[in-house]
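# Structural overview
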Amino acid sequence: MRIHLFEDKLGISAGYEQEWESMLAGAGFFNAAVYRSPVWRKFGGSKQLVTMVGNRKTPGFNPDPAIQRMLKEWFAFEVNRVEPDAIIVQEAALLGLFESRWNISTIDYLRGGIYPFTRNDGKVIPVLITVPISAINTQKKTKDIRAMNAGAESKSEWEEQRDFEREQSAGVGEGESEEDSEADVEEYFFEPYTIPYGRWVLGSDLRKLHRITKRGYRHSSPRVRIVTDKHQALEAEQFLMESTLISNDIETIPDQALITVNGYTGVTNDYEKRTYVFPWYNNFAPSSGTPSDLDSMLAVQRRVNASGIPFTLHNGPYDLYYHNIYHQPVANYAYDSMTMFWSFFPELPKRLDFVSSILLDDYVYWKGDRKADKWFTFLDYNGNDCDRTLVNT
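Since this is a predicted model, take the numbers as computed values, not measurements. (Residues numbered from 1 in each chain as written. Predicted model: local features only at pLDDT ≥ 70, side-chain atom pairs only at ≥ 80, totals over all residues. Heavy atoms only, no water.)

### Quick notes on the sheet that holds strand β1 (residues 2-6)
Pairing is mixed across the open sheet formed by 5 strands, whose spatial order is β2-β1-β5-β7-β6. Two strands bound the open sheet, and with one partner strand each, they are β2 (33-36) and β6 (114-118). Shown here is a sheet whose adjacent strand axes are inclined to one another by a mean of 25°, direction ignored. Direction of pairing for β1 relative to strand β5 (residues 86-89): parallel, over a ladder of 4 bridges. (Pairing = 2+ DSSP bridges. Helix = DSSP H or I, 4+ residues; strand = E, 2+ residues; numbered from the N terminus. Axes fitted to C-alpha atoms, helices over the stretch in contact; angles between N-to-C directions.)

This is the structure in C-alpha cells:
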C-alpha cells in the first residue's frame, strides 16, 4: 500500500512522527509506505501559494490561474511519479484543485471529502482531504508556531522580523529603490491548525480512507430528479409509496413563511434509492411564478407525507412546522439524523455536512450550493440534502 501525503506547512515533523505512524496503524494502514510532497518546500519562497481575501482569518489558496495551473501540473507529476494507491491532502494551498470557490475552499468545509484522481495509467484513486497533524492538539504549540514562521513565536515578533529584513534588503545595491527590492511574494503569519476534536476526526478520516482502499474505490454522486409536471410527480409518488424509508428536506423564505422547494429521497426493500425534488416556484423569487401543474404536484406531496411510511429528517421540527402550516403534515416522523448523531457524539458539531463527513465514504462538500445563483443548482442542493440525510440514517 502506497500513500502519497501532501502535508501542510508545518508537516509531519520529527516530534509528530510517532503519533502519525500510530494513527495510520490505528486506521488499518499497517506497513504502508508513505511518500511526502511538501509544496511549501518546493514553491514557498518563490511563488504566492496562498492569499487573504475578505473576512477570512486564515490564508486560502491563491486563485490566480497561473498559480493554479502550476500546482495542478506539479500535483499530477508528483502523483504519477509515486503511483500511490491513495492520496492525503492537508494543505490549504492545494484545495483549489478540488473546489474552485475560494470562500468555501477551506479545510473546515472540505475535510472528510473523497475526490477522484486519475493516474496516467488510467487507475482512479481516492484523494482524502483532512486536517493537518497539528489538529491532534487542543492548543497551539509554541514550537509549531516557530517552525511555521521562521522562528517567531507571535505575530508581532514575526512582523518586526519581517520589517527588519525588508529594511536590510532595501539598503543593498546602489540606486536600488525600496519598491525594487521588495519580494513579489506576500508573506503571512501562520498558526498551526487545531480543533477540540481534531485527534478523533483525523482518525475517523484515515479509517474512512482505509475502508475505501480495501474494498476498491468507485466514485459516485447522488442523482437528483427535478419534478416539474404532474406526470413526473406521479412517477415520484409511485416510487416513494413503495419505499421503506423516506427522507425529506425543504427550502424556505423564513420572513415570509414560504416553502420554495420540497425534496424527498426514498429507498426500497431491494436498496434502490431515488431522489425527487419538487420546486414550488419557477425561480428563487416567488414573483417568478409557479409550475403550471403545481396543484397536482402538491397533491402528490400531501399523499406522500400522509402515507405513514417512516420519515427521517435532519433537525426535523423545523421542516415539520412548515409542513403543518401548509396542511401537509408528516404522519410518521420516525427518525432524525441530527438527533441520532448527537446521541452518540454529543460533543461534536451536528450540522448535516459535518455528520455526513464522518458517516459517508462518498462525502464531498455540497453545502456551498445553498447560495447558488442558478435555480437548478439550488434544486440539486436540496436533493443532496435529502440523499445525505437518508444515507446517514
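More follows now that the structure is in view.
### Points about the layout of surface pockets
Taken as a whole, the largest pocket encloses approximately 920 Å³ of empty space. Lining the largest pocket are 35 residues, and of these K57, T58, P59, F190 and E191 sit closest to its centre. Elements supplying a minimum of two residues to the lining of the largest pocket: α4 (107-110) and α6 (155-170). Broken down by element, the residue count for the lining of the largest pocket peaks at 4 residues, all from α6. A breakdown of the residues in the lining of the largest pocket according to their chemical character gives 16 nonpolar, 6 polar and 13 charged. Taken as a whole, the second largest pocket encloses approximately 740 Å³ of empty space. (1 Å grid on protein atoms, 1.4 Å probe; cavity = no way out; pocket = protein on both sides within 12 Å on 5 of 7 lines; lining within 4 Å. Points joined across faces, edges and corners; volume = space filled by probe spheres on them. Nonpolar A, V, L, I, M, F, W, Y, C, P; charged D, E, K, R; others polar.)

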